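Notes for the structure review
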Amino acid sequence: MRQRLVWLAVSLVIPTVCLVLDAGPFAWNNDDTEAKSPPPFVVSKRVPVLEDNGYYPCSDCHDNDSQKSNPRMRKLDDEHDDLAFDHGKQRFWCLACHDSENRDMLVNRGGQLIAFDESHLLCGDCHYQQQTDFMYGAHGKRLQSWTGVRQIVACAECHDVHSPNFKPREAWQPPQARTGLTATSVHQDIGGVEHE
Amino acid sequence: MSEKQSRKQITRRRLLQVLGLTAGGASLTAAANKLTDENTRRTIVDTLGGLFQNHFSRLSPDEVGETLARMERKYKEKYKQDVRVEATSALPNTLFGYALNLSRCRGYRDCVSACVEENNQSRDSEIQYIRVLEIPDGTMNLEHADHYYAGEVPKPDHFYLPVQCQQCENPPCVKACPVEATWQEPDGIVVIDYDWCIGCRYCQAACPYWARKFNWNEPVIPAESLNTQTHYLSNRPREKGVMEKCTFCLHRVRKQQLPACQEACPTGARVFGNLLDPDSEIRYILANKKVFRLKEDLNTEPKFWYYAD
């Protein structure tokens, strides 16, 4: 009886102490990599690129006076007709990400304004896994150096945000086959597709 | 143990050989030095210097300097422009590793193109350090992968797996070399002394990743597209009859720059970093992504990981 009581005490006390001290096998959070906040990083600026393209500041044209925001989804055939709206299988209209009042800002799901230079904070509203990976370095691209504070490219640098998938294009030239072999004969050897 | 001792013993024959070679080399160099015509003298001294050049790891700092200067003269004569040859040594506390996101790679071969230019690879041979394998979705048979694909990519129902030197921690190529012309540097990169290589290609047979390439012909690099920033152990122009391989752009990464393939990748599939830095991206990937290495069962311990998300 006494032995049982001792066992009971041990099995209750040890986890309780662990939980209180937040240590050992019953700690609240054993996964210290997840708990670590992302290392500092600097995202490349987008505004200068947009300015070069002649699109920014948006309020130059969209002044909410002569140009009022129109939430109706429609085909754009005057301005911005070169934009492909493939994002989200065409479910979105401009104002899903662009603020209808302050036209030089983006807006997230919660209605917070986000600068064009910080678009990675916006994209994460839906693409949260990619956003986490981006912050920690498993998504996106580093610039300049592998060490020091991370300089990384903004989402819109690689993705056309209005049509974010990478498009198929011609691959750079294939390697030359070894002397005596042609690409065709190699393909036949491996039972692959034959091409010129 | 006894065998090792007997190898270390200096026999009379060996002593005479070494003495003879040294005396011969020294007297030839001295004789050449006395020649009045500066160009002739240079050519002869350089030729002799190349002939008697020691293994890179046995060169004293002075000899390294002489060797690099001699190479710069040689390349200048060949390519008619100033070529810089460096011998930067490994940075402290670095062990380089690579991670590649297979769900991002689209098979464009931009990395291959950048690599060829950066590393002064022969433009008319089959030597390319990176092979991008085109593999049908749902399979992982490297034997049935196609690296001669052409045209528009990505092809439907295929994924792309670039393979280059995996910088094994337990490199079979180093063990295979009979003359120790290839070795692992302190930052984990396996390098070749192109001047010590005898071109036997044992390392090529030993490598399970087809990372090592042999110069069957005299390499052809148009002078205008030569990368003039070179390193002794990395991208300096090679000769016919020697091996070469990817060095993670050693000449760049030792200056804290990124490898050319990482820089060229348009999709951000490539992540390069220091495995000893716990805050590096590559350490995050290793800790949080499902990573794998090629042919892990061979116990080569590659420092090149693939992941998908």
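Use the structure listed above.
The following paragraphs examine the structure supplied in this document. Each chain has its residues counted from 1, running along the sequence as written. Whichever chain is written first is A, and whichever ligand is written first is 1; the rest continue in order. It should be noted that, the model being predicted, local features are given only for residues of pLDDT at least 70 and side-chain atom pairs only at 80 or more, the latter also being counted only at that level, while totals for whole chains, interfaces and linings use all residues. In computing side-chain values, all of the structure's heavy atoms are included and hydrogens and water are not.

Here we come to unusual backbone geometry. In the segment running from Tyr56(A) into Pro57(A), the intervening peptide bond is cis, with an omega of 0°. Secondary structure is summarised from DSSP: a helix means a run of H or I of at least four residues, a strand means a run of E of at least two, and numbering begins at the N terminus for each. Its location among the elements puts Pro57(A) in the loop between α3 (47-53) and β2 (106-107). The peptide bond linking Val153(B) to Pro154(B) adopts the cis configuration, its omega dihedral lying at -5°. Phi is positive for Arg109(B), which is not a glycine, with a value near 65°. Positionally, Arg109(B) belongs in the loop between β2 (96-101) and α5 (110-118). Accessible area is worked out with a 1.4 Å probe on protein chains only. A residue is then buried under 20% of its type maximum, exposed over 50%, and partly exposed in between. By relative accessible area, Arg109(B) is classed as buried at 3%. If you check the backbone angles, Gln256(B) has positive phi at about 65° while not being a glycine. Mapping Gln256(B) onto the fold places it in the loop between α8 (250-253) and α9 (260-264).

Our next topic: the packing of aromatic side chains. Under the pairing criterion, centres of Phe, Tyr and Trp rings, with the six-membered ring standing for Trp, must be within 6.5 Å; the plane angle then separates stacked pairs below 30 degrees from edge-to-face pairs above 60, leaving the rest tilted. Counted according to the given criterion, the structure contains 17 aromatic pairs over all chains. Seen in terms of ring centroids, Phe41(A) and Phe134(A) are 6.1 Å apart; in terms of plane orientation they differ by 80°. Their pairing is edge-to-face. Here Phe134(A) lies in helix α5 (residues 128-136) and Phe41(A) lies in strand β1 (residues 41-43), a separation of 93 residues in the sequence. Chaining the aromatic ring pairs together yields one cluster made of Trp146(A), Phe96(B), Tyr98(B), Phe248(B), Phe272(B), Phe292(B), Phe304(B) and Tyr306(B). For a ring to carry a charge above it, either NZ of a lysine or CZ of an arginine must fall within 6 Å of the ring centroid while also lying within 35 degrees of the normal to the ring plane. Lying across the ring of Tyr149(B), Arg109(B) places its NZ or CZ 4.0 Å from the centre.

So, about the sheet that holds strand β13 (residues 304-307) of chain B. Residues and elements named next belong to chain B. One bridge is not enough; two strands pair if DSSP finds at least two bridges between them. Strand order in the open sheet formed by four strands is β11-β2-β13-β12, and the pairing between neighbours is mixed. At either margin of the open sheet sits one strand with a lone partner, and together these are β11 (270-274) and β12 (291-292). Both β12 and β13 contribute to a ladder of two bridges, which runs antiparallel. Residue pairing across strands places Phe292 opposite Tyr306, the latter belonging to β13. Docked against the sheet, helix α10 (residues 281-288) engages β2, β11, β12 and β13, running at close to 110° with respect to β11. Contact definition: two residues touch when any of their heavy atoms are within 4.5 Å. For helices, the axis comes from a line fit to the C-alpha atoms of the stretch in contact; other axes are also lines fit to C-alpha atoms, and the angle between any two N-to-C directions lies between 0 and 180 degrees.

Residues and elements named next belong to chain B. Tracing the sequence through the fold places Tyr202 in helix α7 (residues 202-206). Taking the C-alpha atoms as reference points, Tyr202 and Ala176, separated by 26 residues in sequence, lie 5.9 Å from one another. If we skip the residues at most four places from it in the chain, Tyr202 touches Ala176 and Pro178.

Let's shift gears to the pattern of salt bridges. Oppositely charged side chains are able to pair whenever their charged atoms sit close together. Any Lys or Arg side-chain nitrogen found within 4 Å of a carboxyl oxygen on Asp or Glu counts as a salt bridge. One pass over the structure, following the stated rule, counts 26 salt bridges over all chains. Here Glu281(B) ties to Arg150(A) by a salt bridge, and the two come within 3.1 Å at their closest N and O atoms. Here Glu281(B) is found in helix α10, whereas its partner Arg150(A) is found in strand β5 (residues 150-152) on a different chain. In this structure, Glu281(B) and Arg150(A) share a single accessibility class: buried.

Note on terminology: disulfide denotes any pair of cysteine sulfur atoms within 2.5 Å. One pass over the full model with this rule turns up zero disulfides over all chains. There is no disulfide at Cys261(B), and the cysteine sulfur nearest it, in Cys249(B), is 6.0 Å away.

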